[in-house]
Amino acid sequence: METLRAEKVSYSYQTKYQKVDAVREVSCIFEHKKMYAIIGESGSGKSTFLSLLAGLDVPDAGTIYVQGQSLKEMDRDAYRLNQASVVYQSFHLFPLLNALENVMLPLEFKGMKKKDAKRAAQELLHKVGLTEKIYRQFPKMMSGGEQQRVAIARAVAAGGEVILADEPTGNLDSENEEKIVELLKNLAHEDGYTVIVITHNPSVAEAADHVFRMKDGAMEAVR
Ligand SMILES: Nc1ncnc2c1ncn2[C@@H]1O[C@H](COP(=O)(O)OP(=O)(O)OP(=O)(O)O)[C@@H](O)[C@H]1O
Ligand SMILES: [Mg+2]
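Now for a quick tour of the structure. Note on numbering: residues in each chain are counted from 1, in written sequence order. Chain letters start at A and ligand numbers start at 1, both assigned in the order the entries are written. Totals for whole chains, interfaces and linings use every residue, but because this is a predicted model, local features are given only for residues with pLDDT of at least 70 and side-chain atom pairs only at 80 or more, for both listing and counting. The side-chain quantities take in all heavy atoms of the structure and omit both hydrogens and water.

### Considerations on the nonpolar core
Working definition of a nonpolar core: buried Ala, Val, Leu, Ile, Met, Phe, Trp, Tyr and Cys residues. They are joined through side-chain atoms within 4.5 Å. Only protein chains enter the accessibility calculation, which uses a 1.4 Å probe. A residue is then buried if its area is under 20% of the maximum for its type, exposed if over 50%, and partly exposed in between. Core analysis: the biggest nonpolar cluster contains 45 residues, and Met35, Ile152, Leu184 and Val195 have the highest contact counts within it. Strands are runs of DSSP state E lasting at least 2 residues, helices are runs of H or I lasting at least 4, and numbering of each runs from the N terminus. If one sorts the elements of this core by residue count, helix α5 (residues 144-157) sits on top with seven residues. Listed in part, the 28 residues of the second largest apolar core include Ala6, Val9, Tyr79 and Ile198.

Below you can see the structure in the form of structure tokens.
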């Protein structure tokens, strides 16, 4: 089942001195229950394309379809809130909230009662392999791998069917990297998410069902 589709999507940055065509007529389809890797050299347009898929930026040309509906015709804020979650290399956890509160936040934001949000957050932390020990810890007291797992739990708490991850293992050692890759793969294969991961890491790309490569803003299917 198709979750996301890009059709001839282009995006340029206009700076004071130049125009950079970061994404050029990219077309591709992402299906549910699948994990995708996007590889490519630095500056090839990967993060820009991800931000278009996430609804954080709007294509200059072309269309992104979410389950067949043009993102242009949808409420982008609702799409970001309810359907697409982004996970970053540097985790972006709220430093003044502990692990449990970080995961509870999107749940409460959506109107869940505190008690229910707490229970759901505990389940999610359990799901990403974290124990009770972590609940009260603040991000700066956690390891990189733990922070990334909390960030993924929070992305899942935010709901939706699409998880977009920009270099999610970029700051991790190989042992933690393996755990995160396993986690993302399970979210796709077992829980039905569409997982799209930008990576420089061959072993992360190896784990994906399909691989795309970006080059100078254009995209090609590798496998
Ligand atoms: N805010 C911006 N203003 C102007 N140009 C930008 C901006 N952000 C990115 N670019 C340019 O757009 C192109 C694509 O950048 P992008 O960040 O998408 O690449 P990337 O593939 O994610 O690279 P990396 O692997 O280094 O993260 C690059 O040439 C970059 O310099
Ligand atoms: Mg990038």
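### Considering the side chain of Asn102
The residue Asn102 is located in helix α3 (residues 99-109) in this model. Looking at Asn102, the relative accessible area reads 0%, which means it is buried.

### Some words on the sheet that holds strand β10 (residues 218-221)
With respect to topology, six strands assemble into an open sheet ordered β6-β7-β8-β3-β9-β10, the strand pairing being mixed. Every other strand in the sheet has two partners, leaving β6 (84-88) and β10 as the edge strands with one partner each. Across the sheet, the axes of successive neighbouring strands diverge by a mean angle of 20°, strand direction being ignored. What makes two strands pair is DSSP finding at least two bridges between them. As judged from the five bridges shared by strand β3 (residues 35-40) and strand β9 (residues 210-215), these two strands associate in the parallel manner. Bridge pairing links Ile38 to Phe212 in β9. Lines fitted to the C-alpha atoms define the axes, with helices restricted to the stretch that makes contact. Angles between their N-to-C directions range from 0 to 180 degrees.

### Regarding the sheet that holds strand β5 (residues 69-70)
An order of β2-β1-β4-β5 is seen for the four strands of this open sheet, with the pairing classed as antiparallel. Bordering the open sheet on either side are β2 (19-31) and β5, each of which pairs with just one other strand. Where strand β1 (residues 2-14) and β2 come together, nine bridges link them in antiparallel fashion. Residue pairing in the sheet places Tyr11 in a bridge with Val23 of β2. Here a residue-residue contact requires only that any non-hydrogen atoms of the pair lie within 4.5 Å. Those strands touched by helix α1 (residues 46-53) are β1, β2 and β4 (61-66), and its axis lies near 60° from that of β2.

### Regarding α1
Taking burial as the measure, the eight residues of α1 include seven buried ones, the bulk of the element. Within α1, the full set of buried residues consists of Lys46, Thr48, Phe49, Leu50, Ser51, Leu52 and Leu53. Positive phi appears at Gly55, one or two residues downstream of α1, with a value of about 75°.

### Quick word on unusual backbone geometry
One non-glycine residue, Gln67, adopts positive backbone phi at about 45°. Relative to the elements of secondary structure, Gln67 occurs in the loop between β4 and β5. Judged by its relative accessible area of 42%, Gln67 is partly exposed. Although it is not a glycine, Asp216 sits at a positive phi angle of roughly 45°. Considering the arrangement of structural elements, one finds Asp216 in the loop between β9 and β10. Asp216 gets classed as exposed once you look at its relative accessible area, which sits at 55%.

### A few points about the pattern of salt bridges
The term salt bridge refers to a pairing of a side-chain nitrogen on Lys or Arg with a carboxyl oxygen on Asp or Glu at a separation within 4 Å. Taken as a whole, this structure holds eleven salt bridges when the rule is applied. Lys19 is the partner of Asp21 in a salt bridge, and the nearest nitrogen-oxygen pair spans 3.2 Å. Judged by relative accessible area, which is 30%, Asp21 ranks as partly exposed. Across the salt bridge formed by Glu31 and Lys34, the nearest N and O atoms sit 3.2 Å from each other. For Glu31, a relative accessible area of 29% gives the class partly exposed. On the basis of relative accessibility, which here comes to 24%, the residue Lys34 falls in the partly exposed class. Through salt bridges with shared partners, a single ionic network connects Glu2, Arg5 and Glu7.

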